[in-house]
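# Observations on chain architecture
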Amino acid sequence: MSRTVLVCVLGTSPQIVTETLYALTRQEGERIDEIHVWTTAAGAVGVQRQLLDGGDGKLFSFFRDYRIPDPWPALHVHVFRDRHGGELGDIRSDEDNAAMLDQLADFVRRQAVPGTRLLCSAAGGRKTMGIGLALALQLYGRPGDRLFHVLVRPDEFESLTDFFYPPPEPVTIVGRSGRLLSTAEAVIELAEVPLVLLREYLPELLGGDEALSYSRLVQEVQLRLIRQARRPPLLIDVAKREVIIDGAAVVLQPVQIALYAHLADLRRRCQHEEGLCPACTVSSQRLREDDAYAAELRASLARWLERIPHRPYRDDALARWVAPDPALRLSALRETASRINRRLKASPAAGRWIQPYLIARRQERDTTMYGLALSPSQISLV
């Protein structure tokens, strides 16, 4: 069962919570299952006095005014703590800021699980609190998670102690300038902030249970992005049946290393720097329909197998590649390519950056071309 969680960072303006709830529930039709507020010790006092107040606070007034159905979403208040476990009264030092970032990152990591949508408001608190929540969501968020800022117009309604949301029946309050304001004039908007979600691109780093400090997390992500940008060279040692990427070796089965080496050799000799072309790929149509093409491919795979000492394979290992039944030839290609890709993805060093090293498929008219899209200059064979 899915759940929707509202996450807010707050300073001393608890109105952010009810304003955000108003925009989400009344304007966008969202149902909120839980509310989590991250704030300082002073902010927590304001939440207790103004939003909760033993069941008579503004949060419960909002639920009653707009007939939010039971069960009402529970409000969880989290107070930032310093390195020694004490509650932070404010975020005033580099050490306080680092502690705040660590706690937000760890919280979002634990909340961002399958079946949960995170709706995050960065409107309250000090600027670094909103930035910290945004960056934590960018690192750990999943598709469907959202980040936004709350805008209240006219400006006179912002941070007014008497204004928490526009009630169904308008009332008159006193603005900061002393002017009387009708709550019917208030407009609340959510300004959504698009994010580049990184979790799916760095699964081995961001998908585990280990909680890294925020600064360490940023360093590790940066290193992986640099590595992805430069694309480490590919080294293939056929005799050892190893595919070596950035120093990490993946051992393949004999026929798998033979096919991978064959495709790598074709790509290495190709004149095109980017993309797949007929000259550096294996064509499914030709393998299926052209006996001579199938025999030539089998002969090439056999030559690569001969480089493996001690013959760790059966003599009929390549029989399917030249079988009279075209479907058997095609299944040999598809299954071997899929198994190679699964083994590469399962490598401890693998992440989304491994994609250029996988056997790619390109559909063109009546054929599927199988090959490596890596730059030819990055491929070496032992």
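That block above? That's the structure.
Now for a quick tour of the structure.

Rules used in this analysis
- Residues numbered from 1 in each chain as written.
- Predicted model: local features only at pLDDT ≥ 70, side-chain atom pairs only at ≥ 80, totals over all residues.
- Heavy atoms only, no water.
- Pairing = 2+ DSSP bridges.
- Helix = DSSP H or I, 4+ residues; strand = E, 2+ residues; numbered from the N terminus.
- Buried < 20%, exposed > 50% of the residue type's maximum accessible area, 1.4 Å probe, protein only.
- Contact = heavy atoms within 4.5 Å.
- Core = buried A, V, L, I, M, F, W, Y, C linked by side-chain atoms within 4.5 Å.

### Concerning the sheet that holds strand 14 (residues 367-371)
Across the sheet, which stays open at both edges, the 3 strands sit in the order 12-14-13 with antiparallel pairing between neighbours. Unpaired on one side and paired on the other, strand 12 (282-283) and strand 13 (360-364) mark the two borders of the sheet. The sheet contact formed by strand 12 and strand 14 spans 2 bridges and is antiparallel. Among the inter-strand pairings, Ser283 is bridged to a residue of strand 14, identified as Met369.

### What to know about helix 3 (residues 58-65)
Each turn of an α-helix holds 3.6 residues, which means side chains three or four residues apart point in the same direction. Considered for burial, the residues of helix 3 that qualify are Leu59, Phe60, Ser61, Phe62 and Phe63. Tucked into the core, helix 3 has its buried residues touching helix 1 (15-27), strand 2 (34-39), helix 2 (41-52) and strand 3 (74-79). In the segment just after helix 3, Arg67 is the residue with positive phi, at about 50°.

### Description of the nonpolar core
Counting 42 residues, the largest nonpolar core has Leu234, Ile236, Val243, Leu259, Tyr260, Trp321 and Ile359 as its most contacted members. Of all elements in the fold, only strand 9 (234-237), strand 10 (242-245), helix 8 (254-268), helix 10 (291-305), helix 11 (326-345) and strand 15 (379-381) reach the threshold of two or more residues within this core. With 8 residues, the top contributor of residues to this core is helix 8. Counting 37 residues, the second largest nonpolar core, distinct from the first, contains Cys8, Val17, Ile35 and Val37.

### Structural notes on the pairing of strand 10
Side chains Glu242 and Ile244 of strand 10 all project onto a buried face; the interleaved residues Val243 and Ile245 project onto the opposite face, where all are buried too. In this sheet, strand 10 lies alongside strand 9 in antiparallel orientation, the contact comprising 4 bridges. Directly across from Leu235, in strand 10, lies its bridge partner Ile244. As consecutive antiparallel partners, strand 9 and strand 10 are separated by 4 residues, and within that stretch Arg241 has a phi angle of approximately 60°, a positive value. Relative to strand 11 (residues 248-251), strand 10 is paired through 4 bridges, and the arrangement is antiparallel. Bridge pairing in strand 11 links Ile245 to Ala248. Between the end of strand 10 and the start of strand 11, which pair antiparallel, lie 2 residues, with Asp246 showing a positive phi angle near 55°.

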